[in-house]
Amino acid sequence: MNDKVSVGAIAGSYGVRGELRIKSYCAVPEDIENYSPLTSEDGKRSFAIALVRPIKNGFVARITDVTSKEEADALRGTVLFARRDQLPSLPDDEFYHADLIGLQVFDTGGTLIGKVKTVQNHGADDLLETQLAGTSATVFLPFTKAAVPTVDMATGRIIADPPDGILPDAKAD
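Residues numbered from 1 in each chain as written. Predicted model: local features only at pLDDT ≥ 70, side-chain atom pairs only at ≥ 80, totals over all residues. Heavy atoms only, no water.

Colleague: Sorry if this is basic, but what is going on with the sheet that holds strand S12 (residues 150-152) here?
Modeller: Backbone hydrogen bonds are what pair the strands of a sheet, in a parallel or an antiparallel way. What the 6 strands build is an open sheet, ordered S11-S10-S9-S8-S13-S12; its pairing is mixed. Since the sheet does not close on itself, it has two edges, and those belong to strand S11 (138-142) and S12, each with one partner. The mean angle between the axes of side-by-side strands here comes to 35°, regardless of whether they run parallel or antiparallel. One ladder, built from 4 bridges, connects strand S8 (residues 104-107) with strand S13 (residues 157-160); its direction is parallel. By the bridge assignment for S13, Asp107 is matched with Ala160. (Pairing = 2+ DSSP bridges. Helix = DSSP H or I, 4+ residues; strand = E, 2+ residues; numbered from the N terminus. Axes fitted to C-alpha atoms, helices over the stretch in contact; angles between N-to-C directions.)

Here it is as structure tokens:
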């Protein structure tokens, strides 16, 4: 497991005085401020953020030393990371997205399906974007108890029971 977890991203500037638009990936979106200072993925930049107010799809925030629209725009797309030890412990059936990426996905019969490439959420349940074994093609697997009955972090394996039609070349019985 990584010692850092992605908790949000800078979406660009807000106004002309250096305020930024922040997207939070936290279960309680406002908690992103509690994990400050946050870092860039490479750890070379540190950001002490202060939330100003909520806006659609995120927050207006201030970062120390960012005082102009140009400086704020230059940070657009920066993914924000918190140290794992700053984050709360999770129940056994919950996972940080960063911990799922890279896990191997097997079907209930033990056949390798592929590897988790990303975890996405477009408003409903999380989806595991899974790169199929031996190909660059991906499929989206619903991250529900029915479709993913087992996540074994110790072995780096996910056991999946994909809904019919998710996997290519699935033959009907």
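After that view of the structure, there is still more to cover.
Colleague: Is there a simple way to explain the environment of Glu94 in this structure?
Modeller: The topology assignment puts Glu94 in the loop between strand S7 (79-83) and helix H2 (97-100). Given a relative accessible area of 43%, Glu94 falls into the partly exposed group. Taking C-alpha positions, Glu94 is 18 Å from Ala82, a pair spaced 12 residues apart along the chain. (Buried < 20%, exposed > 50% of the residue type's maximum accessible area, 1.4 Å probe, protein only.)

Colleague: I'm lost on the pattern of salt bridges in this one. Help?
Modeller: Any two side chains of opposite charge can pair, given that their charged atoms come close. Tallied over the full model, the rule gives 6 salt bridges. Between Glu19 and Arg53 there is a salt bridge; the shortest N-O distance is 3.9 Å. A residue pair is termed long-range when its members are at least 10 positions apart, and Glu19 in strand S2 (residues 19-24) and Arg53 in strand S5 (residues 49-55) qualify at 34 residues. On the basis of relative accessibility, which here comes to 35%, the residue Arg53 falls in the partly exposed class. Classification of Glu19 as buried rests on a relative accessible area of 11%. Among the charged side chains, a network of salt bridges with common partners joins Glu19, Arg53 and Arg62. (Salt bridge = Lys/Arg side-chain N within 4 Å of Asp/Glu carboxyl O.)

Colleague: Help me understand the packing of aromatic side chains in this model?
Modeller: Describing an aromatic ring pair means giving the distance of the ring centres and the angle of the ring planes. Overall, the coordinates contain 1 aromatic pair when judged by the stated rule. Over the face of the ring belonging to Phe106 we find Arg157, whose NZ or CZ atom lies 3.8 Å from the ring centre. (Phe/Tyr/Trp six-rings, centres within 6.5 Å; stacked < 30°, edge-to-face > 60°. Lys NZ or Arg CZ within 6 Å of the ring centre and 35° of its normal.)

Colleague: Before we go on, may I ask you to explain the pairing of S13 in this structure?
Modeller: Side-chain direction in a regular strand flips from residue to residue, so the side chains alternate between the two faces of the sheet. Because side chains alternate across S13, one face comprises the buried residues Ile158 and Ala160, and the other comprises Arg157 and Ile159, none of which is buried. Here S12 runs beside S13; their pairing, made up of 3 bridges, is antiparallel. Within S13, the residue paired with Thr150 across the bridge is Ile159.

Colleague: How do you make sense of the nonpolar core when you look at a structure like this?
Modeller: The tendency in soluble globular proteins is for nonpolar side chains to be buried side by side. Among the nonpolar cores identified, the biggest contains 22 residues, and Val7, Leu20, Ile32 and Leu38 are the most heavily contacted of them. Those elements that place two or more of their residues in this core are strand S1 (4-14), S2, S5, strand S6 (58-63) and S7. Every residue in contact with Val7, bar those within four places of it in the chain, is listed here: Lys23, Ser24, Tyr25, Cys26, Ile32, Tyr35, Leu38, Leu80, Phe81, Ala82 and Leu87. Ranked by size, the runner-up nonpolar core spans 15 residues in total, among them Leu103, Leu132, Val139 and Val151. (Core = buried A, V, L, I, M, F, W, Y, C linked by side-chain atoms within 4.5 Å. Contact = heavy atoms within 4.5 Å.)

Colleague: For this particular structure, what's the right way to read the environment of Leu90?
Modeller: Among the secondary structure elements, Leu90 is positioned in the loop between S7 and H2. Residues Leu90 and Pro142, 52 residues apart in the sequence, show an inter-C-alpha distance of 20 Å. When sequence neighbours within four positions are dropped, the list of residues in contact with Leu90 reads Phe95 and Tyr96.

Colleague: Before we go on, may I ask you to explain the side chain of Thr78 in this structure?
Modeller: With respect to the helices and strands, Thr78 occurs in the loop between helix H1 (69-74) and S7. Residue class for Thr78 comes out buried when judged on its relative accessible area of 17%. Sequence-distant contacts of Thr78, defined by excluding residues within four places in its chain, comprise Gly8, Ala9, Ile10, Ser40 and Phe47.

Colleague: Got a minute to help me understand the pairing of S8 in this structure?
Modeller: Bridge analysis of S8 against strand S9 (residues 112-121) gives 3 bridges, and the strand direction is antiparallel. In the strand pairing of S9, Val105 is matched with Gly114. Remark: 4 residues form the turn of the hairpin made by S8 and S9, two consecutive strands paired antiparallel; Gly110 in that turn has positive phi of roughly 90°.

Purely spatial values, then, with no claim about function.
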